[in-house]
Amino acid sequence: MMQRTKMLLACCLASALSLGQAAEYDLPALEKMALSSSRTALAARDQLLAARYAAESARAFPNPELEYLAGNQRSRAGLGVAGDARSVSLSQPLDLPWRRMPRIAAADAGFEVATAAAGMQEADLLVSLRTRYFNLLRREAELKNAREDVSTVEEMHSRIAMRVQTGEAARFELIKADAELLNARKNLQAAGVRVEQARSQLRQAVGDGLPAAFTLTGRLRDVPQLPELERLRSEMLQYSPDLKRAQAEVQRAERLLELEKSLRLPAVALRAGVDEDPELRTSRLGLQFSIPLWDRRQAPLAEAAAQLSRSRHEFEGQRFSLAQGLEIAYQQYEIALAQVSALESGIVRQAEAALRVATAAYRFGERGFLEVLDAQRVFRAARAELILARHELAGAWIEIERLRALPKEEKQ
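Just so it is clear, the structure is predicted and the values come from calculations on it, not from any experiment. Numbers given for residues are sequential positions, taken from 1 along each chain in its written order. Per-residue local features are limited, in this predicted model, to residues with pLDDT of at least 70; the limit for side-chain atom pairs, both in listing and counting, is 80 or more; totals at the level of whole chains, interfaces and linings are taken over all residues. Water and hydrogen atoms play no part in the side-chain values, which are based on all heavy atoms of the structure.

K.L.:
Can you walk me through the packing of aromatic side chains in this structure?
P.N.:
For any two aromatic rings, the description comes down to two numbers: the centre-to-centre distance and the angle of the planes. Pairing of aromatic rings covers Phe, Tyr and Trp, the last through its six-membered ring, and needs centres within 6.5 Å; plane angles under 30 degrees mean stacked, over 60 mean edge-to-face, and all others mean tilted. Applying the stated criterion across every chain, the model contains three aromatic pairs. Judged by centre distance (5.2 Å) and plane angle (85 degrees), the ring pair of Tyr133 and Phe134 falls under edge-to-face. Ring centres of Phe134 and Trp397 lie 6.1 Å apart, and the angle between their planes is 75 degrees; this geometry places the pair in the edge-to-face category. Of the two residues, Phe134 sits in helix α4 (residues 97-165) while Trp397 sits in helix α9 (residues 369-404), which places them 263 residues apart along the sequence. Take Phe134: its relative accessible area is 2%, and that puts it in the buried class. Here a set of aromatic residues connected by ring pairs shows up, and it is made of Tyr133, Phe134 and Trp397. If you follow Arg199 out to its NZ or CZ, it ends over the ring of Phe214, 4.1 Å from the centre. By the criteria applied, helices consist of DSSP H or I runs no shorter than four residues and strands consist of E runs no shorter than two, each listed in order from the N terminus. Whether a residue is buried, partly exposed or exposed follows from its accessible area with a 1.4 Å probe, protein chains only, as a fraction of its type maximum: under 20%, in between, or over 50%, in that order. For a lysine, the NZ atom is tested; for an arginine, the CZ atom; a charge sits over a ring if that atom is within 6 Å of the ring centre and within 35 degrees of the ring normal.

Given below as structure tokens:
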């Protein structure tokens, strides 16, 4: 059993030494790396680039159409002159302003939608990264506590074993100490596995630019402070990518409705042609109109109006939902902040002091080992609750940051 413990501690020490030589990263460095190397971020930029070229395509003028026909001419009555006959015609559709401008406006609105969608993907990427970052810090804090627990229990176990050998304590206390030591080692092993899983998940969120061996310079308690709720609400209405996309969808629907209205007007094309036969040469120049006689585009116009109404309803619903989500996240932030403050300033310190008193009393024979175990469990539960409260505080901060999504220049 002792050999197994030494092997476990040796593995933990080797892991710590290897991590000490690894590259160190903080949260801003990981965010920068993820935005530059993540496949999700790169795919979002490519999609945005495609939308920009689509908007440029809407500004292109229609190409002319050239038609050339050649053949033979002969008279069936034998009176005309036989010979070659040719016909050349050129047609140029006119991109009139009442069609061109709505088409360009609709394409530009589509680009704004794509820009907002790319911002949403970037925000989702940062949420995933930050969540896994603080999750790794949580698991590392749990691993640190588990190591301290194993060290404390082993020290207590060796002291109890010596007292049992000298007859100062009953055999029952050693049995309890063995069980407590096995439980502490089990928790240490599980904590180590959870740390490795959290490291893999963080590396998956950042991308292959993050090496397999790395360490984090931040701590779980390093959660930035937030301004007042009114300021957060104002920033959310101005910068939220979800709200920007919903608003861009409304603008695109408005432009598409204008485009459908313009398509009801006649299309105009300029036509020119030359016909040649053995006797005559004929030149023509004129205009070609498409008359909206049978198809008045009533169904596409009604569809565009319905899409506009849907987009407006979704925008209002999104704004209400985001406002409620911000208030809930801010309340969660305040609750977690109060829990962290209470645990740090009182509960954990009191539990630690009670453990020291119980341990000292046991050394002098004034308390039993079961009382020491109870004090240890209360202290462990308080530390675990503090870690959980800090993790919940970080989760609330992540959600609020996702909702307001300040641009880089504002953050600086």
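K.L.:
In this structure, what is going on with the packing of helix α7 (residues 241-262) against helix α8 (residues 298-363)? I would like to understand it.
P.N.:
When two helices pack together, their arrangement is given by the angle between the helix axes and the distance between those axes. Under this scheme, a helix contributes an axis fitted over its contacting stretch, all axes are lines through C-alpha atoms, and angles between N-to-C directions fall in the 0 to 180 degree range. The N-to-C vectors of α7 and α8 enclose an angle of 165 degrees; their axes lie 9 Å apart at closest approach. One finds that α7 runs roughly antiparallel with respect to α8. Like other packed secondary-structure pairs, α7 and α8 cross with a definite hand, here left-handed. Listed contacts from α8 to Asp242, Leu243, Ala246, Gln247, Glu249, Val250, Ala253, Glu254, Leu256, Leu257, Glu260 and Lys261 of α7 are Pro300, Leu301, Ala304, Ala305, Gln307, Leu308, Ser311, Arg312, Phe315, Gln318, Arg319 and Leu322. In this classification, Asp, Glu, Lys and Arg are treated as charged, Ala, Val, Leu, Ile, Met, Phe, Trp, Tyr, Cys and Pro as nonpolar, and every other residue, Gly included, as polar. Here the residues of the contact of α7 with α8 are counted per class, giving 13 nonpolar, four polar and seven charged. Just so you know how the angles are binned, under 35 degrees is roughly parallel, over 145 roughly antiparallel, 65 to 115 roughly perpendicular, and the rest oblique. Here is the rule for handedness: rotate from the far helix to the near one, and if that takes an anticlockwise turn smaller than a right angle the crossing is left-handed, while a clockwise turn gives right-handed. The contact criterion used throughout is that any non-hydrogen atoms of two residues lie within 4.5 Å.

K.L.:
In this structure, what is going on with α4? I would like to understand it.
P.N.:
For an α-helix, 3.6 residues make a turn, and residues three or four places apart therefore share a direction. To estimate how far a helix should extend, the number of its residues minus one is multiplied by 1.5 Å. Look at α4: 101 Å from first C-alpha to last across 69 residues, which is about the 102 Å you get at 1.5 Å a residue. Positive backbone phi, at 85 degrees, marks Gly167, one or two positions downstream of α4.

K.L.:
Just to check I follow, could you spell out the sheet that holds strand β6 (residues 281-290) for this structure?
P.N.:
The strands that make up a sheet are held in pairs by hydrogen bonds between backbone atoms, and each pair lies either parallel or antiparallel. Here, strands pair whenever DSSP counts at least two bridges between them. Pairing is antiparallel in the open sheet, where four strands are placed in the order β2-β3-β5-β6. Edge positions in the sheet fall to β2 (65-73) and β6, since each of these pairs with one other strand and no more. Mean inter-strand twist for the sheet, computed between neighbouring axes without regard to direction, equals 15 degrees. Pairing of strand β5 (residues 267-276) with β6 involves ten bridges; the strand directions are antiparallel. Bridged to Arg271 within β6 is Gly286.

K.L.:
What exactly am I supposed to notice about the nonpolar core here?
P.N.:
Most often, soluble globular proteins keep nonpolar side chains buried together rather than apart. What is meant by a nonpolar core is a set of buried Ala, Val, Leu, Ile, Met, Phe, Trp, Tyr and Cys residues, joined one to another through side-chain atoms within 4.5 Å. Counting 78 residues, the largest nonpolar core has Leu30, Phe134 and Leu202 as its most contacted members. Mapped onto this core, the elements with two or more residues apiece are α2 (27-37), α4, α5 (171-206), β4 (214-216), α6 (229-239), α7, α8 and α9. Of the residues forming this core, the biggest block, 18 residues, is contributed by α8. When residues no more than four places from it in sequence are discounted, the contact partners of Leu30 are Tyr25, Leu129, Tyr133, Leu202, Val206, Leu210 and Leu216.

K.L.:
Help me out: how do you make sense of a nonpolar patch on the surface in this one?
P.N.:
The patches reported here contain residues having more than 30% relative accessible area and no salt bridge. Joining distances are 9 Å for like charges and 5 Å for nonpolar side chains (Val, Leu, Ile, Met, Phe, Trp, Tyr). Surface accessibility in these figures is a Shrake-Rupley result with a 1.4 Å probe; residues are shielded only by whichever protein chains are displayed. By convention in these notes, a salt bridge is any Lys or Arg side-chain nitrogen within 4 Å of a carboxyl oxygen on Asp or Glu. Judged by side-chain polarity, Leu94, Leu270, Leu285, Leu287, Phe289, Ile291, Leu293 and Trp294 come together as a nonpolar surface patch covering roughly 980 Å² of accessible area. Element by element, the count of residues in the nonpolar patch is highest for β6, at three residues. Structurally, the position occupied by Phe289 is in strand β6.

K.L.:
Help me understand the environment of Leu126 in this model?
P.N.:
Locating Leu126 in the fold gives a position in helix α4. A relative accessible area of 9% means that Leu126 is categorised as buried. Considered as a pair, Leu126 and Gly317 are 191 residues apart in the sequence and their alpha carbons are 24 Å apart. The contact partners of Leu126, leaving out residues within four places of it in the chain, are Glu31 and Leu35.

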